[in-house]
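# Reading the structure
Below are the chains, spelled out letter by letter.
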Amino acid sequence: MENCIFCKIANGVIPSATVYEDDDFRAILDIAPAHKGHVLLLPKNHFDNLLCADDDIAAKALPIVKRIANALKTVTGCDGINVLQNNGTAAGQSVFHLHIHIIPRYEGDGILPVWDQGSYADGEAAEWAAKIASALE
Ligand code: AMP
Ligand code: ZN
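Residues numbered from 1 in each chain as written. Chains lettered and ligands numbered in written order. Predicted model: local features only at pLDDT ≥ 70, side-chain atom pairs only at ≥ 80, totals over all residues. Heavy atoms only, no water.

Once that is clear, we can look at the coordination of the zinc ion (ligand 2). Taken together, Cys4 (SG), Cys7 (SG), His46 (ND1) and His97 (ND1) make up the full set of protein donors to the zinc ion (ligand 2), lying 2.1 to 2.3 Å away. Read from N- to C-terminus, the donor residues coordinating the zinc ion (ligand 2) fall into the pattern C-x2-C-x38-H-x50-H. On the criterion of sequence distance, the pair formed by His46 in the loop between strand S3 (39-43) and helix H2 (55-76) and His97 in the loop between strand S4 (80-84) and strand S5 (100-105) is long-range, its members being 51 residues apart. (Donors = N, O, S within 2.8 Å, 3.2 Å for Na, K, Ca; no water. Helix = DSSP H or I, 4+ residues; strand = E, 2+ residues; numbered from the N terminus.)

In structure tokens:
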């Protein structure tokens, strides 16, 4: 992907504040962090987002996220960590190369919106569960 900035960053063509690198991934500091230490994990291969990522890359990502989250907890002393991953503009994705946000959080910081909690009518949850389960087959 010639014009993808995260392809260039992940593969070292554009320099970045790198916190982790292996054959498949680079983890960098987000340039506009929610809090200091906000990390993005990028695969070196291009996938627009998680929905079209190779299974082996998806499977390799979570243990790395876990390591980085624990490192952030140690370094920042934060109270919690959000692991966020946006797919599509409607979901807040602005860079169309798969990336996973790892964000230190502090009690009462209020930096992320919390959604209004909805509900299901009687039997509706079962219908939704059945629909989703059949789409997985
Ligand atoms: P998203 O909205 O989930 O697509 O997140 C994109 C993230 O990439 C944002 O948090 C941006 O601050 C971050 N970002 C964009 N360009 C760069 C860059 N050149 N280096 C580091 N982070 C970047
Ligand atoms: Zn890319």
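Once that is clear, we can look at the nonpolar core. Membership of the largest hydrophobic core comes to 17 residues, with the highest contact counts inside it found for Phe25, Ala27, Val39, Leu41, Ile64, Ile68 and Ile102. Listed by contribution, the elements that provide at least two residues to this core are strand S2 (25-29), S3, H2 and S5. With seven residues, H2 is the single largest residue contributor to this core. Here Ala27 is in contact with Ala17, Thr18, Val19, Tyr20, Val39, Leu40, Leu41 and Ile68, once residues within four sequence places are set aside. If you look at the next biggest cluster of nonpolar residues, it comprises eight residues, including Phe6, Ile9, Ile28 and Leu40. (Core = buried A, V, L, I, M, F, W, Y, C linked by side-chain atoms within 4.5 Å. Buried < 20%, exposed > 50% of the residue type's maximum accessible area, 1.4 Å probe, protein only. Contact = heavy atoms within 4.5 Å.)

In this section: the environment of Cys4. Turning to its location among the elements, Cys4 is positioned in the segment before helix H1 (5-10). For the pair Cys4 and Asn86, spaced 82 residues apart in sequence, the C-alpha to C-alpha distance is 17 Å. When residues no more than four places from it in sequence are discounted, the contact partners of Cys4 are His46 and His97.

With respect to spatial proximity, 16 residues lie near ligand 1, and among them Asp30, Asn86, Gly92, Ser94 and His101 are the closest. A distance of 2.6 Å separates an oxygen atom of ligand 1 from a polar atom in the backbone of Ser94. Between ligand 1 and the protein, one listed contact pairs an oxygen atom with a backbone N or O atom of Val95 at 3.0 Å. Summarising the interface, the protein chains cover 80% of the accessible area of ligand 1, which totals 500 Å² for the free molecule. Those elements that provide at least two residues to the shell around ligand 1 are H1 and S2. Broken down by element, the shell around ligand 1 gets its largest block of residues, three residues, from H1. (Near = heavy atom within 4 Å. Polar contact = N/O pair within 3.5 Å; in protein donor to acceptor, adjacent residues only side chain to side chain. Areas by Shrake-Rupley, 256 points an atom, 1.4 Å probe, with all protein chains shown as cover.)

What is shown is where atoms sit, not what they do.
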